[in-house]
Amino acid sequence: MSWKKKLIIFLDLLGIIALVGLDQYTKYLAVIHLKDKPAYSIVSGILELNYLENKGAAFGMLQNQKAFFIFVAVVILGVIGYVLLKTPDSKKYRLLHLLLSLIAAGAIGNMIDRIRLNYVVDFIYFVLINFPIFNVADMYVTVSTVALVILLLFVYNENDLNFISFKQKRYREIK
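Residues numbered from 1 in each chain as written. Predicted model: local features only at pLDDT ≥ 70, side-chain atom pairs only at ≥ 80, totals over all residues. Heavy atoms only, no water.

*Asks:* Even after reading the chapter, I still don't get the environment of Phe-69, so can you show me in this structure?
*Replies:* Tracing the sequence through the fold places Phe-69 in helix α2 (residues 66-86). Residues Phe-69 and Leu-19 lie 50 residues apart in sequence; the distance between their C-alpha atoms is 20 Å. (Helix = DSSP H or I, 4+ residues; strand = E, 2+ residues; numbered from the N terminus.)

*Asks:* Help me understand the packing of aromatic side chains in this model?
*Replies:* Geometry of an aromatic ring pair is reported as the spacing of the ring centres plus the angle between the planes. The tally for this structure, following the rule as stated, stands at 6 aromatic pairs. Geometrically, the ring pair formed by Phe-126 and Phe-134 is stacked, given 5.9 Å between the ring centres and 25° between the ring planes. By relative accessible area, which is 33% here, Phe-126 ends up partly exposed. Taken together, a centroid distance of 5.9 Å and an interplanar angle of 85° make the contact between Phe-131 and Phe-134 edge-to-face. Among the aromatic residues, those joined into a ring-pair cluster are Tyr-93, Tyr-156 and Phe-163. Here Arg-114 stacks its cationic end above the ring of Phe-69, 4.0 Å away from the centre of that ring. (Phe/Tyr/Trp six-rings, centres within 6.5 Å; stacked < 30°, edge-to-face > 60°. Buried < 20%, exposed > 50% of the residue type's maximum accessible area, 1.4 Å probe, protein only. Lys NZ or Arg CZ within 6 Å of the ring centre and 35° of its normal.)

Pasting the structure below:
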């Protein structure tokens, strides 16, 4: 692995650690300032901070499925790690690194809550559209996943992603 590739991976890890730290800090603040208190209005009728202990996924689905969520997070993190290690170190893939790092940070942030607390701390609520209460890690995952889909569909072509292969190199040489 080249020094440039090692630097990029180091920066990815540093970014993930910083983002997880920010997520955990916001959740800590939510527990300290919002737990067992009425919702705090930021913009009346639009946005409020409202503490919630979420034992499920988005929209309250799959309640009390801690082991399943941890398994899914570990698989996602494994795939992200694989792709980050395989991604060429050219400028063309910097946005891919950023988006995958954001998704990884969100998965880790919520996984920490599930392991430590048996629930995820949620606290951001869009009253206007009655959107489910969410947290910073959820924002990382949601926004980055949408951006990643756009990137994969409209920016990269099939050849740009040839570096992602689960086949053994020797198998391709035999064919």
